Amino acid sequence: MGMGTRLIAMCGRFVFSRTSSDLQAVFEIDQVDEDLPRPSFNIAPSEQICVVVEPGSRADADPSPGSDRRLVAARWGLIPRFARSMASGPTPFNARAEKLLDSPLYAGPYATRRAIIPADGFFERRKADRVSYYIHPGDGSVLAFAGVYEWWRPPQVDLPRPGAWVLSTAIVTSDAHGPMARIHDRQPVCLPRDMWAAWLDPGVVGDRDLLEEAVLTSHAVMDALDFRQVGPGWGSTQPGTRRDDPGLIEEWDSTDAP
């Protein structure tokens, strides 16, 4: 592990370099929020990211009713609805698929608050030798990470106050399969296009069948991805040294390292 780096959990950095107009046709989005984060080649947990949601119309204190498919900004790191503050407990950026049905953190969001997180690709280090890879569709298409989301507000804030609600999300992960298993023991659940509608629809209750189908069908998506060896620069966590540029995803030969 190089200086200025530490172990980063599975799917702890990803790339999203597209504009909202690029996604509108792909995901058949009806409404685009104005305050979306800028494109980035090195997105880290706790940052704002773009998510696709269908909020539905429910009387559960969701501040954004409506059935349109929306592209919105969310904090990457799920804040449980029962949290007293953002610092009082876990805010996981990955949600293990095995825990979605039973965990107090995920069961509510998985039932009716599921999201898609668009991405160009993601970074991962091989556990055996710490070699870095950028994992992405070779044809340049968009990855659709399965996600769950939650609305949260500080308990002491009055409900009607504008801006009190925080939208947060986590990427669903599963046991690694196929080529990915040679890099890491976990992988993001990447939904094929024919799973998007059911995953997003709040009228489709999140049950074991939906989860098993999402995980199973994601295997074919993951198996088709390209694994490009890249430099370690994406993983820096030293303050002031984190890079965010296209060079992070360029092919890299370790023999050329200084």
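Values in this document were obtained by computation on a predicted structure and should not be read as measured data. (Residues numbered from 1 in each chain as written. Predicted model: local features only at pLDDT ≥ 70, side-chain atom pairs only at ≥ 80, totals over all residues. Heavy atoms only, no water.)

A. Looking closely at the confidence of the model for the protein chain. Looking at the protein chain, pLDDT values average 86 and 86% of them are 70 or higher. Ranking the elements of the protein chain by mean pLDDT puts helix H1 (residues 20-27) last, at 91, and strand E7 (residues 114-119) first, at 97. In this model, residues 57-61 is a region of pLDDT below 50 whose contacts with residues beyond four sequence positions or in other chains number eight contacts. (pLDDT = per-residue confidence, 0-100. Helix = DSSP H or I, 4+ residues; strand = E, 2+ residues; numbered from the N terminus. Contact = heavy atoms within 4.5 Å.)

B. Looking closely at the nonpolar core. Core analysis: the largest hydrophobic core is formed by 58 residues, its most contacted members being Phe14, Phe27, Ile116, Phe122, Phe145, Leu191 and Trp199. No other element matches strand E10 (residues 143-152), which puts seven residues into this core. The contacts of Phe14, once residues within four sequence positions are left out, are Phe41, Asn42, Ile43, Ile49, Trp76, Ile117, Pro118, Ala119, Gly121, Phe122, Phe145 and Ile171. Listed in part, the seven residues of the second largest apolar core include Val15, Phe123, Val230 and Leu248. (Core = buried A, V, L, I, M, F, W, Y, C linked by side-chain atoms within 4.5 Å. Buried < 20%, exposed > 50% of the residue type's maximum accessible area, 1.4 Å probe, protein only.)

C. Geometry of the packing of aromatic side chains. Under the counting rule described, the total for this entry stands at eight aromatic pairs. Taken together, a centroid distance of 5.8 Å and an interplanar angle of 50 degrees make the contact between Tyr110 and Trp199 tilted. You can see Tyr110 sitting in helix H2 (residues 107-112) and its partner Trp199 sitting in helix H3 (residues 193-200), a full 89 residues away along the chain. Classification of Tyr110 by relative accessible area gives buried; the value is 1%. The buried category is assigned to Trp199, whose relative accessible area is 0%. Look at Phe122 and Phe145: their rings are 6.0 Å apart centre to centre, the planes differ by 65 degrees, and that puts the pair in the edge-to-face class. Residue Phe122 is located in strand E8 (residues 121-125), and its partner Phe145 is located in strand E10; the two are separated by 23 residues in the primary sequence. (Phe/Tyr/Trp six-rings, centres within 6.5 Å; stacked < 30°, edge-to-face > 60°.)

D. Quick look at the environment of Arg125. By secondary structure assignment, the location of Arg125 is in strand E8. Note on Arg125: relative accessible area 6%, which makes it buried. Distance in space between the C-alpha atoms of Arg125 and Gly235 is 9.1 Å, their sequence separation being 110 residues.

E. Layout of unusual backbone geometry. Despite not being glycine, Glu28 shows a phi value in the positive range, around 55 degrees. Residue placement: Glu28 occurs in the loop between H1 and strand E2 (31-32). Look at Arg130: it is not a glycine, yet its phi comes out positive at around 65 degrees.

F. Inspection of the pairing of E8 at higher detail. Most of E8 sits out of view: five of its five residues are buried. Taking every second residue as pointing to the same face, both faces of E8 are buried, with Gly121, Phe123 and Arg125 on one and Phe122 and Glu124 on the other. Bridge analysis of strand E1 (residues 14-16) against E8 gives two bridges, and the strand direction is antiparallel. Paired with Phe14 across the two strands is Phe122, which belongs to E8. As defined by bridge partners, E8 adjoins strand E9 (residues 132-136) across four bridges and the pair is classed as antiparallel. (Pairing = 2+ DSSP bridges.)

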